[in-house]
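Okay, here's what each chain looks like letter by letter:
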Amino acid sequence: MAVETRRDGYGYLHRPQPSGLAEVVDLILDKGLVIDAYIRVSLVGIEVLTIDARIVVASVDTYLRFAEAVNRLDLAAQGTDLTDMVGNGQESGAKRKVKGAVEGVKEKLPGVGEPEEEKEKEPAQA
Amino acid sequence: MQAASDPATAGPRANGGRYVYGFARAAEAQGIAEEGIGDPAAAVEVVSHGRVCALVSDTAPGPVTADRRNIDAHSRVVQAAYARFPVLPVRFGVVFPGDEDLRSALEQNGVELERLLGELEGRAELRVTVHYDEEAVLQEIVAENQEIARLRERTRAVPGDASYFERIRLGELVAKAMARKREVEAARILARLRPLATAVQPQAELPEAVVLRASFLVERSRLEEFGAALEEVSLELDARARVKVVGPLPPYTFADVRLSVPEGV
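The structure displayed is predicted, hence computed values, not measured ones. (Residues numbered from 1 in each chain as written. Chains lettered and ligands numbered in written order. Predicted model: local features only at pLDDT ≥ 70, side-chain atom pairs only at ≥ 80, totals over all residues. Heavy atoms only, no water.)

Let us look at the overall build of chain A. Helix and strand counts for chain A come out as two helices and three strands. Put simply, chain A runs from its N terminus to its C terminus through helices and strands in the order β-β-α-β-α. Per-residue burial over chain A gives 39% buried out of 126 residues. Of the contacts made within chain A by residues no fewer than 6 positions apart, 44% connect residues no fewer than 24 positions apart. Total accessible area computed for chain A in this model is approximately 7,000 Å², and 53% of it derives from carbon and sulfur atoms. (Helix = DSSP H or I, 4+ residues; strand = E, 2+ residues; numbered from the N terminus. Buried < 20%, exposed > 50% of the residue type's maximum accessible area, 1.4 Å probe, protein only. Contact = heavy atoms within 4.5 Å. Areas by Shrake-Rupley, 256 points an atom, 1.4 Å probe, with all protein chains shown as cover.)

With that settled, consider helix H2 (residues 60–72) of chain A. Along its 13 residues, H2 of chain A runs 18 Å from first to last C-alpha, staying within 8% of the 18 Å computed at 1.5 Å per residue. Of all the residues in H2 of chain A, the buried ones are Thr 62, Tyr 63, Leu 64, Phe 66, Ala 67, Ala 69, Val 70 and Asn 71 of chain A. The inward-facing, buried residues of H2 of chain A contact helix H3 (134–144), helix H4 (146–157) and helix H5 (164–193) of chain B. (Expected span 1.5 Å × (residues − 1).)

Our focus in this paragraph is the nonpolar core. Formed by 60 residues in total, the largest nonpolar core has its most connected members in Leu 33 and Ile 35 of chain A together with Val 20, Phe 23, Val 94 and Phe 96 of chain B. Elements represented by at least two residues in this core include exactly helix H1 (21–30) of chain A together with strand E1 (17–25), strand E3 (52–59), helix H1 (68–82), strand E5 (87–89), strand E6 (95–96), helix H2 (99–120) and strand E10 (241–249) of chain B. When residues no more than four places from it in sequence are discounted, the contact partners of Leu 33 of chain A are Phe 23, Leu 88, Pro 89, Val 90, Arg 91, Leu 113, Leu 116, Ala 255, Val 257 and Leu 259 of chain B. (Core = buried A, V, L, I, M, F, W, Y, C linked by side-chain atoms within 4.5 Å.)

Turning our attention to the side chain of Arg 127 of chain B. By the secondary structure assignment, Arg 127 of chain B is in strand E7 (residues 123–132). Residue class for Arg 127 of chain B comes out buried when judged on its relative accessible area of 13%. Side-chain polar atoms of Arg 127 of chain B contact the backbone oxygen of Glu 23 of chain A, separated by 3.0 Å. Aside from chain neighbours lying at most four places away, what touches Arg 127 of chain B is Glu 23, Val 24, Asp 26 and Leu 27 of chain A together with Ala 214, Ser 215, Lys 244, Val 245, Val 246 and Leu 249 of chain B. (Polar contact = N/O pair within 3.5 Å; in protein donor to acceptor, adjacent residues only side chain to side chain.)

A separate point is the pattern of salt bridges. Summed over the entire model, instances satisfying the criterion amount to 33 salt bridges over all chains. For Asp 26 of chain A, the salt bridge identified is with Arg 127 of chain B, shortest N-O distance 2.8 Å. Within this pair, whereas Asp 26 of chain A is found in helix H1, its partner Arg 127 of chain B is found in strand E7, the two belonging to separate chains. Shared partners join several salt bridges into a network, and the residues in it are Glu 140, Glu 144, Lys 181, Glu 185, Arg 188, Arg 192, Glu 232, Glu 236 and Arg 240 of chain B. (Salt bridge = Lys/Arg side-chain N within 4 Å of Asp/Glu carboxyl O.)

All names here are of chain B. Here the amide bond leading from Asp 39 into Pro 40 is cis, since omega sits at 5°, within 30 degrees of zero. Summarising the element assignment, Pro 40 is placed in the loop between E1 and strand E2 (45–49). Put simply, Gly 247 and Pro 248 share a cis peptide bond, and its omega is 5°. Of note in this structure, Asp 238 is not a glycine but carries a positive phi near 60°. Structurally, Asp 238 can be placed in the loop between helix H6 (223–237) and E10.

Each pair of packed helices can be described by the angle between their axes along with the distance between the axes. All names here are of chain B. At their nearest, the axes of H4 and H5 sit 10 Å apart, and the two run at 150° to each other. The handedness of the crossing between H4 and H5 is left-handed. Taking contact as the criterion, the partners of Glu 147, Ile 148, Leu 151, Arg 152, Arg 154 and Thr 155 in H4 are, on H5, Glu 166, Arg 167, Arg 169, Leu 170, Leu 173, Val 174 and Ala 177. Here the contact of H4 with H5 is built from residues that sort into six nonpolar, one polar and six charged. (Axes fitted to C-alpha atoms, helices over the stretch in contact; angles between N-to-C directions. Left-handed = near helix turned anticlockwise from the far one by under 90°. Nonpolar A, V, L, I, M, F, W, Y, C, P; charged D, E, K, R; others polar.)

It is worth spelling out the confidence of the model for chain B at this point. Residue and element names in this part refer to chain B. Mean pLDDT over chain B works out to 89, with 93% of the residues at or above the 70 mark. At the low end of the mean pLDDT range in chain B sits strand E4 (residues 64–65), at 88; at the high end sits E5, at 97. Counting contacts from residues 1–14, a segment whose pLDDT is below 50, to residues more than four positions away or on other chains yields 31 contacts. Model confidence for the complex: the whole-complex pTM is 0.76, and ipTM, which rates the interface, is 0.80. (pLDDT = per-residue confidence, 0-100.)

Okay, the confidence of the model for chain A next. It should be kept in mind that the predicted coordinates are not to be read in detail where pLDDT is low. Residues and elements named next belong to chain A. When pLDDT is averaged along chain A, the result is 56, and 34% of the positions lie at 70 or above. Here residues 1–10 scores under 50 on pLDDT; set against residues more than four positions off or in separate chains, the count is 23 contacts. Considering only residues more than four positions removed or in separate chains, one finds that residues 79–126, a stretch of pLDDT under 50, has 80 contacts.

Before going further, it helps to examine the environment of Leu 102 of chain B. Residues and elements named next belong to chain B. Considering the arrangement of structural elements, one finds Leu 102 in helix H2. On the basis of relative accessible area, Leu 102 is assigned to the buried category, the value being 0%. Separated by 54 residues in sequence, Leu 102 and Ser 48 have C-alpha atoms that sit 9.0 Å apart. For Leu 102, the contacting residues outside a window of four places in its chain are Val 20, Phe 23, Val 47, Ala 54, Val 56 and Phe 96.

All names here are of chain B. This model, assessed by the stated rule, comprises four aromatic pairs over all chains. Taken together, a centroid distance of 5.2 Å and an interplanar angle of 85° make the contact between Tyr 164 and Phe 165 edge-to-face. On the accessibility criterion, Phe 165 (66% relative accessible area) is exposed. Of the aromatic side chains, those joined through ring pairs into one cluster are Tyr 19, Tyr 21 and Phe 92. (Phe/Tyr/Trp six-rings, centres within 6.5 Å; stacked < 30°, edge-to-face > 60°.)

So this is what it looks like as structure tokens:
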């Protein structure tokens, strides 16, 4: 169960329940006080290990994916000017919500959150 | 008695052991009603020595399986303890052969445990993730970068193999532009939040659309202030990014230390 904070139609702060297993599983497996001599854990057959396996790797595949993604963009639908995004306050940011930003960040935890899928866009005019 | 020096993730042992969830002050710790690991679940007990104690439960012989049920039990026990008294969260999977070994570890590390308990008392871990809306950020990148816009037009006009190398070039430029954006944005967000925290630990390697993932150690008395700052950050980021915060959690990340135990026995 997650609670969304939304104000004036801008920005979203997502606050999932801290007890949610998906939110803390990497923490519990990887952080905390440890006594080496007494570690006795079996990770055999565990699906949770795939968390965050997808780190930044500069590769041709990544580049092709980005190229495809920018080519799919429908720039015509983009109304306001996009410069100075990193700036301040209410003036910055796309005025149009590009896609539902309400959902939280999806952790790559099969079975807990579904893997993020590419959303098919309307094909733009070539 | 089992050899304490055996790191022993290996095969099953003849005896079960004492699974450890956390360490606390003996004067403050109480029993925890939450069920421990295992099936059937074991009851959580307190084993004390001097001024410190451990929260433990019995566990079957052999390695502890890091399955959903056990990880969840570990999490719930630590969280329940943390809600009642200061506790140092232990990483999943620590099993002592028995109470004797546990007490000698408490004796040997009592001073360090008390120091850490003092250091983390009244503080909580908040895990913050800022995740780009990829499409929104790609829009920006195209608008801000002429070469990218030009290559985009060309590769859209020339489909398939004929534009293969140009598409790679385009993707490379986009990846670099996004990396720069992330770097600037992460630094800005960290600069904003850092003054409100006692300690920060950013994660180094991130998925490509993740701007920032960091654990903050925050005084409980400043949790609201921190939350308000996060709301401001997410308002500024608008629909281009999502900000997620998980916590307050027991400070696993900031109790990430190794304790020593007597060699061999």
